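Fold and contact review
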Amino acid sequence: MTTIVDYLEKHRQDFPEKVFVQIDSQKWTFENIYNKVNKINLILNQFPTNSVISIMFDNSIEFIISYLGIIKAGKIVHIISPSISKKNFLEQIKSCNPKIILTLKKFIGEFETIQNKIKLVDFYEFESENISKKKSEISDISSLMYTSGTTSSPKGVPIKHENTIFTTKNIVNVLKYTNSDIDVIPLSLSHSFGLGCLHTSLFVGSTLNLHKNTMNILEILNSIKKNNATTFAAVPATLTLLVNSFPEKFVEKCNGLRLIITNSTKIPKDTINKILNLLPNTKFATYYGLTEASRSTFMIFNENRKKEESVGKHAPNVQIKIVKEKNQIKEGEILVRGKNVIDNYWNSQFTEKFTNNWLKTGDLGYLDKEGFLYLTGRKDYVINVGGEKVNPEEIEKIVKILDPIEEAVAIGIEHQIFGKVIKLLVKKYEGSEIDISTIISHCKQNLERFKIPIKVEFVSNFPKNEHGKIIRFILQEKNNGNNKDA
Amino acid sequence: MMNRMEIENKIKEIFFDVFSNLNDENFDWNAKQEDYLNWDSFAHLELMTSTETKFNIKISPEDTLSIRTALDLSNLVESRI
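Source: prediction; values computed, not measured. (Residues numbered from 1 in each chain as written. Chains lettered and ligands numbered in written order. Predicted model: local features only at pLDDT ≥ 70, side-chain atom pairs only at ≥ 80, totals over all residues. Heavy atoms only, no water.)

**Digging into the overall build of chain B**
Within chain B one finds 4 helices and 0 strands. Along chain B, from the amino end to the carboxyl end, the secondary structure elements read α-α-α-α. Compactness check: chain B gives a C-alpha radius of gyration of 12 Å against a globular reference of 12 Å for 81 residues, within 12% of the reference. With respect to the three principal axes, the spread of C-alpha positions in chain B is 30 × 25 × 20 Å. When each of the 81 residues of chain B is scored for burial, the buried share is 52%. Taking the contacts inside chain B whose residues are at least 6 apart along the sequence as the reference set, 56% of them involve residues at least 24 apart. (Helix = DSSP H or I, 4+ residues; strand = E, 2+ residues; numbered from the N terminus. Rg over C-alpha atoms; globule rule 2.2 N^0.38 Å. Buried < 20%, exposed > 50% of the residue type's maximum accessible area, 1.4 Å probe, protein only. Contact = heavy atoms within 4.5 Å.)

Quick look at the structure:
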């Protein structure tokens, strides 16, 4: 079985002294990283096949070494973002039962106090443990990430080695990555977009210039120029800000790029056209995918100037179909099939999401005559906040714990940087009192940052259907009509 | 009108609220985003939203991007009120 780490071994043999990862001014060669990865692999031999090892790091060399070390050892690497809420942390740990959680001292304190079953181990302490010669079989599954479910509990997405290799080959072939690329990545490695970029650099043997913080946009631009980068991966919000706020700097720093790649969070048509006009020699591309069906389509905007609102055509050897319900004329639910799609969710949950290997994405869209896919919305009410999927029911459930609250509805309102942010509508019980800051503090204690409402409004009633169910789309339409947030 | 000290106190409150590990002893006006444990884009959003609410001002995306330290935020607020 081929794993992504096999490519690390290959490049280490072919060009050991070549820089694989650069973070700020620190550089690590393929040889450096291979040796560190191998050490983690040998220590992990103490655990049996199919053991889950969790990692919790920000963008750092420790993330990369641990991630690849666990894969090399044939174990399943469970990726936890350090910004996870305590509630989700406990749910994920309970669901996947890892042997240990590899992390850094700075993150241990916060999570150690809420559970004592699974040990949080500092990366550098772990690195000094004894190696084990006992070699185990390689698990079919390489990694496990949790994504927001259509129910309020998170779904575990087990990704197999063959999914990763298939998807990475597609990225490399469609976007023409080579080992002479220098890739600037200001994306979290704890997410599918960032992790896919790591796989791509590793697959071809390019140099990965990793940034810790997406907010330092000007530093990222400087890094692109200073390091003679050839590719740049960024979320639509970052690109929109760049072309609107710093168009001259954008051209000055990015004119050497051969490729800018973004993901399928809605990108304004205006941003696409500005990028194409400002950098006519740079390929600008996007893709559509889910963690469970990574890179299902690709779109190169330069080659399809009149289809800016599409996310492109299906990736090689990936099938896309639209399943319409009776009342739907044009759009329907997007289904995906191919080796980029997972076989099932963790612990075989949510089996209803699959039929004959087709994954029901929950996204709505349509295909035009030439096979270009257009996204039109969601079948459920999942809200995309800066690329993070948020299930409104999770927020509502947390808010309704507060005694004075009778009903609560979370909706997405437009935001210039994040695309959507959360607004909470709340109905209090008659005669009860609660203020906005109490609600927000309660959310902060129980939810990840991106799920915290930035606006709270008290309402006297919610629109309901004849069965007494709140009609969300009315609230959504009403609030997006007159309540945009910049 | 608020004086500098009042602005700084409110900014500090916002930072303590967003970053629960901060207190008077470890708070540094010049500490940059990368020096913080968890100053990611969502924490940044929270900082900006709280500042807008507390001082009743609007922060543009350009200004949002220029904020790297608590001192930057304090200076921005002072120039606006």
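Structure's up, so let's keep going.
**Overview of the pattern of salt bridges**
Residue and element names in this part refer to chain A. This model, assessed by the stated rule, comprises 35 salt bridges over all chains. With its nearest N and O atoms 2.9 Å apart, the salt bridge here joins Lys451 to Glu394. With a gap of 57 residues between them, Lys451 in the loop between helix H14 (436-446) and strand E25 (455-458) and Glu394 in helix H13 (residues 392-399) connect regions that are remote in the sequence. Like Lys451, the residue Glu394 is buried in the burial classification. Residues joined by salt bridges that share partners form a network here, namely Lys87, Glu91, Glu394, Glu448 and Lys451. (Salt bridge = Lys/Arg side-chain N within 4 Å of Asp/Glu carboxyl O.)

**Considerations on the sheet that holds strand E7 (residues 141-147) of chain A**
All names here are of chain A. Taken in spatial order, the 6 strands line up as E6-E5-E3-E4-E7-E8 in an open sheet, and their pairing is mixed. In the strand order of this sheet, the two ends are held by strand E6 (119-122) and strand E8 (155-160), each with one partner. With direction set aside, neighbouring strand axes in the sheet form an average angle of 30 degrees. Note that E7 and E8 share 6 bridges and pair antiparallel. Following the sheet pairing, Thr147 is matched in E8 by Lys155. Relative to E8, helix H7 (residues 161-175) is tilted by about 70 degrees, and along the sheet it contacts E7 and E8. (Pairing = 2+ DSSP bridges. Axes fitted to C-alpha atoms, helices over the stretch in contact; angles between N-to-C directions.)

**As for the sheet that holds strand E24 (residues 419-428) of chain A**
Residues and elements named next belong to chain A. Across the sheet, which stays open at both edges, the 3 strands sit in the order E23-E24-E25 with mixed pairing between neighbours. The open sheet is flanked by strand E23 (405-415) and E25, the only strands paired with a single partner. For this sheet, the mean inter-axis angle between neighbouring strands, taken without regard to orientation, is 25 degrees. Where E23 lies against E24, 10 bridges are found, and the strand directions are antiparallel. The residue of E24 that forms the bridge with Glu407 is Lys427. Along the sheet, H13 makes contact with E23 and E24, crossing E23 at roughly 140 degrees.

**Remarks on the interface of chain B and chain A**
Between chain B and chain A, the residue contacts involve 21 residues of the former and 26 residues of the latter. Where chain B abuts chain A, roughly 2,200 Å² becomes buried across the two surfaces, and 59% of that area is made up of carbon and sulfur atoms. Looking at the side of chain B facing chain A, the largest losses of area belong to Leu37(B), Phe42(B) and Leu65(B), adding up to 31% of the total buried there. In this assembly, chain B and chain A are joined by 4 salt bridges. Asp17(B) is paired through a salt bridge with Lys444(A); the nearest N and O atoms lie 2.7 Å apart. The interface formed by chain B and chain A holds 5 residue pairs in polar contact (both at pLDDT 80 or more) in total. Looking at the side of chain B that touches chain A, the elements that each hand over two or more residues are helix H1 (4-18), helix H2 (41-55) and helix H3 (61-66) of chain B. Counting residues per element, the side of chain B that touches chain A draws most heavily on H2(B), which supplies 7 residues. Across the side of chain B that touches chain A, the residue classes tally to 9 nonpolar, 6 polar and 6 charged. (Buried area = accessible area lost by both parts, 1.4 Å probe. Polar contact = N/O pair within 3.5 Å; in protein donor to acceptor, adjacent residues only side chain to side chain. Nonpolar A, V, L, I, M, F, W, Y, C, P; charged D, E, K, R; others polar.)

**Things to note about helix H4 (residues 86-96) of chain A**
Residues and elements named next belong to chain A. Of all the residues in H4, the buried ones are Asn88, Phe89, Gln92, Ile93 and Cys96. The buried residues of H4 occupy one face: seen down the axis, they fall within an arc of 135 degrees. Packed against the buried residues of H4 are strand E3 (52-56), strand E4 (76-80), strand E5 (100-103), helix H5 (105-112), E7 and H13. Backbone geometry just after H4 places Asn97 at a positive phi near 45 degrees. (Arc of directions from axis to C-beta.)

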